[in-house]
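# Architecture at a glance
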Amino acid sequence: DGSKGEELEDRYSTQLNLVAFLGRFDFGTSTSPVEAGYVPVLPTTTYSAALGYGWQGATGLGVVRANGTALTRDLIYAPALTFAVDVPNGTYDVKLTTGDTDIYPHDLMGVFLEGTQVTTISTLAGQVVTAAYSGVQVNDGQLTLRLQDLGGIDANVVINGLQVIWAGPDTFGPRVIAASPSGNATAPVDRLRLPFDQPLLPGSFRVAD
């Protein structure tokens, strides 16, 4: 308004949430539209450490529909799909967008996160849904989503979009999962092996510990 340095009128406030990881993926074909802020994933996007995400094992087929948004009108389908994303260890919120804006229903799609089934999703013809899962714990540096057809009329699972959002640090830390030798051992024993469920920082665990 022409008056400089007014404490209230010239003040600007905003809020920024800084997270350790945010991944948004739009699944489709090389010619399909890509949702703003999302990374395109094609049937040929196989996982590599350099890329940091991609399909593990068999991949599916991509298709583009006439209706829907940039995120919902394209999809990848197959009887089973496994998608992996490299992430820092911690807790994550995951949002899965699945369905088909065309005439095809997709029933009994099993959703597995980190090897554990979290739900089963069925969509009607022309229906696309977004399912949210919170508190997904990652301890191995990689979040894995698997979709598996569990029967029904349609033999395929479908995926349109995926969001992986860091929700907090690893609340558990490395945990010992075995010990060798165990029970009664005959002397002399020169070592004890303790496998952990995730990598340790070098120097953070010593014999004295």
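An account of the accompanying structure is given in this report. (Residues numbered from 1 in each chain as written. Predicted model: local features only at pLDDT ≥ 70, side-chain atom pairs only at ≥ 80, totals over all residues. Heavy atoms only, no water.)

Looking only at helices and strands, the protein features zero helices and 13 strands. The linear arrangement of helices and strands in the protein, starting from the amino end, is β-β-β-β-β-β-β-β-β-β-β-β-β. Computed over C-alpha atoms, the radius of gyration of the protein comes to 23 Å, more than 25% over the 17 Å expected from 2.2 N^0.38 for 209 residues, which places it beyond the range of a compact globule. A principal-axis box enclosing the C-alpha atoms of the protein has dimensions of 75 × 70 × 30 Å. Looking at the protein as a whole, 36% of its 209 residues are labelled buried. Within the protein, residue pairs in contact and separated by at least 24 positions form 66% of the contacts whose partners lie at least 6 positions apart. For the protein, the exposed surface amounts to about 12,200 Å²; the carbon and sulfur share of it is 55%. Charge separation in the protein, taken as the distance between the mean sites of 11 positive and 21 negative side-chain charges, equals 7 Å. (Helix = DSSP H or I, 4+ residues; strand = E, 2+ residues; numbered from the N terminus. Rg over C-alpha atoms; globule rule 2.2 N^0.38 Å. Buried < 20%, exposed > 50% of the residue type's maximum accessible area, 1.4 Å probe, protein only. Contact = heavy atoms within 4.5 Å. Areas by Shrake-Rupley, 256 points an atom, 1.4 Å probe, with all protein chains shown as cover. Lys, Arg positive; Asp, Glu negative; His and termini not counted. Charge placed at Lys NZ, Arg CZ, Asp CG, Glu CD.)

Here we come to the sheet that holds strand β10 (residues 128-138). Taken together, the five strands give an open sheet; going across it, the order is β2-β1-β13-β7-β10, and neighbouring strands pair in mixed fashion. Taken across any chain shown, the strands that pair with only one partner, and hence form the sheet edges, are β2 (39-41) and β10. Neighbouring strand axes in the sheet, compared pairwise and without regard to direction, differ in orientation by 25 degrees on average. (Pairing = 2+ DSSP bridges. Axes fitted to C-alpha atoms, helices over the stretch in contact; angles between N-to-C directions.)

With that settled, the discussion passes to the packing of aromatic side chains. Tallying each qualifying case throughout the model produces eight aromatic pairs. When the ring of F25 is compared with that of Y53, the centres are 5.1 Å apart and the planes differ by 50 degrees; the resulting orientation is tilted. Of this pair, F25 sits in strand β1 (residues 22-27) while Y53 sits in strand β3 (residues 53-55); the two residues are 28 residues apart in sequence, bridging distant segments of the chain. For Y53, a relative accessible area of 16% gives the class buried. A ring pair is formed by F25 and F83, whose centres lie 5.3 Å apart and whose planes are at 70 degrees; its orientation type is edge-to-face. Residue F25 is located in strand β1, and its partner F83 is located in strand β6 (residues 80-86); the two are separated by 58 residues in the primary sequence. The exposure class assigned to F25 is buried, which follows from its relative accessible area of 4%. Look at F83 and you get buried, because its relative accessible area is 1%. An aromatic cluster is built from F25, F27, Y53, W55 and F83, whose rings are joined through pairwise contacts. (Phe/Tyr/Trp six-rings, centres within 6.5 Å; stacked < 30°, edge-to-face > 60°.)

Here we take up the pattern of salt bridges. Pairs can form between side chains of opposite charge whenever their charged atoms are close. As enumerated under the stated definition, the model contains four salt bridges in all. Of the charged contacts, one joins R191 and D190 as a salt bridge, the two residues approaching to 3.3 Å between their closest N and O atoms. Using a relative accessible area of 65% as the deciding quantity, one classes D190 as exposed. Look at the salt bridges and you will find they share partners, linking R65, D100 and D102 into a network. (Salt bridge = Lys/Arg side-chain N within 4 Å of Asp/Glu carboxyl O.)

Our next topic: empty space enclosed by the protein. All chains considered together, the criterion is met by one cavity of 30 Å³ or more. Here the largest cavity defines a volume of roughly 30 Å³. Every residue along the wall of the largest cavity is listed here: D26, F27, G28, T29, S32, P33, V34, P40, V41, L42 and D74. Counting residues per element, the ones that place at least two in the lining of the largest cavity are β1 and β2. (1 Å grid on protein atoms, 1.4 Å probe; cavity = no way out; pocket = protein on both sides within 12 Å on 5 of 7 lines; lining within 4 Å. Points joined across faces, edges and corners; volume = space filled by probe spheres on them.)

So, on to the side chain of T101. Locating T101 in the fold gives a position in the loop between β7 (90-99) and β8 (106-113). At 2.9 Å, the side chain of T101 and the backbone oxygen of N67 are in polar contact. The residues touching T101, leaving out its near neighbours within four places in the chain, are R65, N67, G68, T72, R73, G126 and V128. (Polar contact = N/O pair within 3.5 Å; in protein donor to acceptor, adjacent residues only side chain to side chain.)

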